[in-house]
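Reading the structure
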Amino acid sequence: ELVGEFVRVETDPDHPAVAVVRIDRPKALNALNGQVTGEIAVAATRVAADASVRAVVLYGGERAFVAGADIKEMAELTHAQMLEYSRALQNALTSVARIPKPVVAAISGYALGGGCELALCADFRVAGEKARLGQPEIQLGVIPGAGGTQRLPRLVGPSRAKEMVFSGRHVRAEEALRIGLVDEVVPDAEVYSAGMAMAARYTDGPAVALAAAKEAVDRGLETDLDTGLEIERLQFSGLFATEDQKTGMRSFIEHGPGKATFQ
Ligand code: CO8
């Protein structure tokens, strides 16, 4: 299904409940211009709203996941224009981060700048052996502008994030795995299928509870412990208004653990 010229929402016949958000602008290594950014936002809203979609894979193709924001488009913008441009990019990436379903970034090739920042908006990252991740903005005389100074330190810790942002160097897949920037490294040819497999683990789970779990973790990370625990308590209690809770607990009592079939 076409979202626009550069982004599609695809369905894999083997995993019909997983939506693939495919970014396809190969001539610029999938660089995020205003149009790609807009299409990503539309795709995120669409997969978020579609109840038949239970998990999502972000994929950019073999050579590049996304090589960053489009430098050629940005280069001559004024301060006032950049205030709006950067807001649009941040909003698009935030709509990916808020998809209330498990989201996996399947990274083959380059995930740099805005591409690394897009990958940070997924719940999990699987990378090919030759993948390169990084925040090279400092080499352009700027800093990350779509979450790299915020989501990256939350994931890998402040000193590792600062080292990546200050140096702008490319991080190889093995190191990314070691520092928790990615969760799995696979041969390059298997990136797409590994991302699919990771996402497909959750398609039979209770959708409302999965959304509640994601929101409790993500909101909780942004607040103090007491507020986070309160978010958790309200989410937990809220699930007692769902069929999934009834199905899950009844199934345990009647058949034992792990046997429930959720809608
Ligand atoms: N923007 C625009 N065009 C790009 C980009 C990009 N980020 N990356 C690659 N391209 C283009 C190249 O210009 C080239 O185009 P052409 O064929 O017309 O010359 C084509 O894609 C292929 O690229 P290369 O020939 O350079 O391919 P190589 O294999 O030699 O190198 C690299 C691949 C290492 C990925 C290299 O292209 C590169 O370093 N790209 C730029 C990486 C980068 O600096 N990314 C960060 C951009 S800044 C950013 O993301 C800020 C995000 C936050 C912004 C918030 C406000 C908007």
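Coordinates for the structure precede this section.
Note that the structure is a prediction, hence the values are computed from the model and not measured. (Residues numbered from 1 in each chain as written. Predicted model: local features only at pLDDT ≥ 70, side-chain atom pairs only at ≥ 80, totals over all residues. Heavy atoms only, no water.)

When you go through the protein residue by residue, the secondary structure sums to eleven helices and ten strands. Projected onto its principal axes, the C-alpha positions of the protein cover 65 × 45 × 35 Å. Across the 263 residues that make up the protein, the buried fraction comes to 45%. For the protein, contacts bridging at least 24 residues in sequence account for 68% of all contacts bridging at least 6. A total accessible area of about 13600 Å² is found for the protein, and carbon and sulfur atoms account for 57% of it. Distance from the positive charge centre (28 side chains) to the negative charge centre (35 side chains) of the protein: 2 Å. (Helix = DSSP H or I, 4+ residues; strand = E, 2+ residues; numbered from the N terminus. Buried < 20%, exposed > 50% of the residue type's maximum accessible area, 1.4 Å probe, protein only. Contact = heavy atoms within 4.5 Å. Areas by Shrake-Rupley, 256 points an atom, 1.4 Å probe, with all protein chains shown as cover. Lys, Arg positive; Asp, Glu negative; His and termini not counted. Charge placed at Lys NZ, Arg CZ, Asp CG, Glu CD.)

Attention now moves to the pattern of salt bridges. Inspection of the entire model under this criterion finds 13 salt bridges. Here Asp70 ties to Arg25 by a salt bridge, and the two come within 2.8 Å at their closest N and O atoms. Of this pair, Asp70 sits in the loop between β4 (64-66) and α2 (71-74) while Arg25 sits in the loop between β2 (15-23) and α1 (34-49); the two residues are 45 residues apart in sequence, bridging distant segments of the chain. Exposure remark for Asp70: the relative accessible area of 9% places this residue in the buried category. Residue classification places Arg25 among the buried positions, given a relative accessible area of 16%. Between Arg154 and Glu222 there is a salt bridge, with the nearest N and O atoms lying 2.9 Å from each other. Of this pair, Arg154 sits in helix α5 (residues 151-156) while Glu222 sits in the loop between α9 (207-221) and α10 (225-238), placing them 68 residues apart in sequence. Under the relative-accessibility criterion, Glu222 is labelled partly exposed at 48%. Taken together, the shared-partner salt bridges in this structure form one network comprising Arg8, Glu10, Arg22 and Asp24. (Salt bridge = Lys/Arg side-chain N within 4 Å of Asp/Glu carboxyl O.)

The subject of this paragraph is the pairing of strand β1 (residues 7-12). Taken together, the six bridges between β1 and β2 define a ladder with antiparallel strand orientation. Following the sheet pairing, Arg8 is matched in β2 by Arg22. Linking two consecutive strands that pair antiparallel, namely β1 and β2, is a turn of two residues. (Pairing = 2+ DSSP bridges.)

Quick look at the packing of aromatic side chains now. Scanning all chains against the criterion turns up three aromatic pairs. With a centroid separation of 5.1 Å and 65° between ring planes, the pair formed by Tyr59 and Tyr192 is classed as edge-to-face. Highlighted residues: Tyr59 in strand β3 (residues 55-59) and Tyr192 in helix α8 (residues 191-200), separated in sequence by 133 residues. With a relative accessible area of 10%, Tyr59 lands in the buried category. With a centroid separation of 6.0 Å and 10° between ring planes, the pair formed by Phe124 and Tyr202 is classed as stacked. Separated by 78 residues along the polypeptide, Phe124 in strand β7 (residues 124-128) and Tyr202 in the loop between α8 and α9 bring together distant segments of the chain. The lysine or arginine in question, Arg25, covers the ring of Phe6, its NZ or CZ lying 5.6 Å from the ring centre. (Phe/Tyr/Trp six-rings, centres within 6.5 Å; stacked < 30°, edge-to-face > 60°. Lys NZ or Arg CZ within 6 Å of the ring centre and 35° of its normal.)

Before going further, it helps to examine the site of the ligand. Inspection of the region around the ligand gives 26 residues, with Arg63, Ala69, Ile71, Lys72 and Gly114 positioned closest. The side chain of Arg63 places a nitrogen or oxygen atom 2.8 Å from an oxygen atom of the ligand. Contacts to the ligand include Lys72, whose side-chain N or O atom sits 2.8 Å from an oxygen atom. Contact with the protein chains hides 69% of the accessible area of the ligand, taken as 1100 Å² for the molecule alone. Looking at the shell around the ligand, the elements that each hand over two or more residues are α2, α3 (79-97), β6 (110-112) and α4 (114-120). Examining the composition of the shell around the ligand, we find that four residues originate from one element, α3, more than from any other. (Near = heavy atom within 4 Å. Polar contact = N/O pair within 3.5 Å; in protein donor to acceptor, adjacent residues only side chain to side chain.)

To continue, consider the environment of Asp183. Take Asp183: it is sitting in the loop between α7 (173-178) and β10 (184-186). C-alpha of Asp183 to C-alpha of Cys121: the two residues are 62 residues apart in sequence and 14 Å apart in space. Residues in contact with Asp183, not counting those within four places in the same chain, are Asp123, Phe124, Arg125 and Leu177.

The next thing to look at is helix α6 (residues 158-167). Burial in α6 covers these residues: Ala161, Met164 and Val165. All buried residues of α6 project into a common sector of 95° when viewed along the axis, lining one side. In α6, those exposed residues whose orientation departs by more than 90 degrees from the buried face are Ser159 and Phe166. As for α6, its buried residues are in contact with β8 (132-134), α5 and β9 (171-172). Just past α6, the residue Gly168 takes up positive phi, approximately 70°. (Arc of directions from axis to C-beta.)

By themselves, these observations are geometric and do not establish any function.
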